[in-house]
Amino acid sequence: MTKAQEIAYDLREQIQSGALAGGEALPSESKMMSQYGYSRETIRAGVRLLIEEGLVVTGQGQGKYVREDYPPVVWNWTTLESRSRHANAVEGRTAGDQWASAIAENGNAPRQEISVSIVVPPPHVRERLGLPADGLAVVRKRIRFIDNRPYALADSYFPQELVAGTPLMEPRDVSAPGGILASVGLVQAKYVDEISVRMPTHQEAEQLGLPAATPVAEHTRTGYDADDRPLRCMVTILPGDRHKILYEVSTD
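These figures come from a predicted structure and were not determined experimentally.

The strand order across the open sheet formed by six strands is E4-E5-E6-E9-E8-E7, and the pairing between neighbours is antiparallel. The open sheet is flanked by strand E4 (110-119) and strand E7 (190-198), the only strands paired with a single partner. Taken pair by pair, the neighbouring strands of this sheet meet at an average axis angle of 15°, ignoring direction. Sheet topology places strand E5 (residues 137-146) next to strand E6 (residues 149-159); 10 bridges connect them, and they run antiparallel. Opposite phenylalanine 145, over in E6, you have proline 150 as the bridge partner. Running at roughly 170° to E4, helix H5 (residues 98-105) makes contact with E4 and E5 of the sheet.

A few words on the environment of leucine 50. Relative to the helices and strands, leucine 50 resides in helix H3 (residues 40-53). Leucine 50 gets classed as buried once you look at its relative accessible area, which sits at 0%. Through-space distance from the C-alpha of leucine 50 to that of glutamate 81 is 39 Å; in sequence the pair is 31 residues apart. In this structure leucine 50 touches Ala8, Leu11, Arg12, Ile15, Leu55 and Val56, once residues within four positions along its chain are discounted.

Once that is clear, we can look at the confidence of the model for the protein chain. Across the protein chain, the average pLDDT comes to 90, with 93% of residues at or above 70. For the stretch residues 89-95, pLDDT sits under 50, and the model shows 11 contacts to residues farther than four places along the chain or on other chains.

As a further point, take a nonpolar patch on the surface. A surface patch of nonpolar side chains, about 420 Å² in accessible area, is lined by Ile195, Val197, Tyr247 and Val249. Examined against the element boundaries, valine 197 turns out to sit in strand E7.

On to the pattern of salt bridges, then. Following the criterion strictly, the structure yields 17 salt bridges and no others. With its nearest N and O atoms 2.6 Å apart, the salt bridge here joins arginine 12 to glutamate 53. Taken together, the residues arginine 12 in helix H1 (residues 3-17) and glutamate 53 in helix H3 connect sequence positions 41 residues apart. Residue glutamate 53 is classed as partly exposed on the basis of its relative accessible area of 39%.

Before going further, it helps to examine the nonpolar core. Among soluble globular proteins, nonpolar side chains are generally buried collectively. Formed by 15 residues in total, the largest nonpolar core has its most connected members in Val125, Leu129, Tyr157 and Ile237. Those elements that provide at least two residues to this core are helix H6 (123-129), E5, E6 and strand E9 (230-239). The element that contributes the greatest number of residues to this core is E5, accounting for four residues. Ignoring anything within four residues of it in the chain, the contact list for isoleucine 237 reads Tyr151, Ala152, Leu153, Arg198, Glu204, Leu208, Val216, Ala217 and Glu218.

Thresholds, definitions, all that
Residues numbered from 1 in each chain as written. Predicted model: local features only at pLDDT ≥ 70, side-chain atom pairs only at ≥ 80, totals over all residues. Heavy atoms only, no water. Pairing = 2+ DSSP bridges. Helix = DSSP H or I, 4+ residues; strand = E, 2+ residues; numbered from the N terminus. Axes fitted to C-alpha atoms, helices over the stretch in contact; angles between N-to-C directions. Contact = heavy atoms within 4.5 Å. Buried < 20%, exposed > 50% of the residue type's maximum accessible area, 1.4 Å probe, protein only. pLDDT = per-residue confidence, 0-100. Patch = residues over 30% accessible without salt bridge, like charges linked within 9 Å, V, L, I, M, F, W, Y side chains within 5 Å. Areas by Shrake-Rupley, 256 points an atom, 1.4 Å probe, with all protein chains shown as cover. Salt bridge = Lys/Arg side-chain N within 4 Å of Asp/Glu carboxyl O. Core = buried A, V, L, I, M, F, W, Y, C linked by side-chain atoms within 4.5 Å.

Below is the structure:
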């Protein structure tokens, strides 16, 4: 190993063993220079390797910290947004946004920052919604927090002519028995899900506070009515260090 790799190896071992805990500051450069007997530049090169791996993050000023672990959230896409969950909401066992209800049921505090606008949607969303090239969509953009930590981005697109004048145009949490779409006569009869894994864009990394080397899952769910007319396309960005996706699939 090079000297820098030797330093990275030793610090990595300390992190993985728990000797350096998540959120803890690394020893100062001066202390590591004394400990390893190498130059400041070599120390920095070793730490830089761990930053590139995503094990170490840069904090305020010049501080370097062990990447903090996020408690994982399990997304059960088999039941989330299901008709049975909406029925439970009517009976008062869950309330409001179905994502927020699921998080609250686990004993955590959900919060969302919401903005609403009318846009020309991205090409893949336009295709899912069956819109013409100049077709417009209403988009509800949400940054989703759990216990005040950013966990996911969720952008829901709707054909403008379907939701104009409905509560979906309001830039706040909105809900209705059976779901907002169903409350205005637009009942989603089925979903089509697509999942891809990629590195985040610069904007996504900033919004979610992602350390380096953190991949994300992009989950696209398109909802259709009984006549196969697309009603909604929701694109959710899930950082790989804080999510697990669960499906239950029948063998019939």
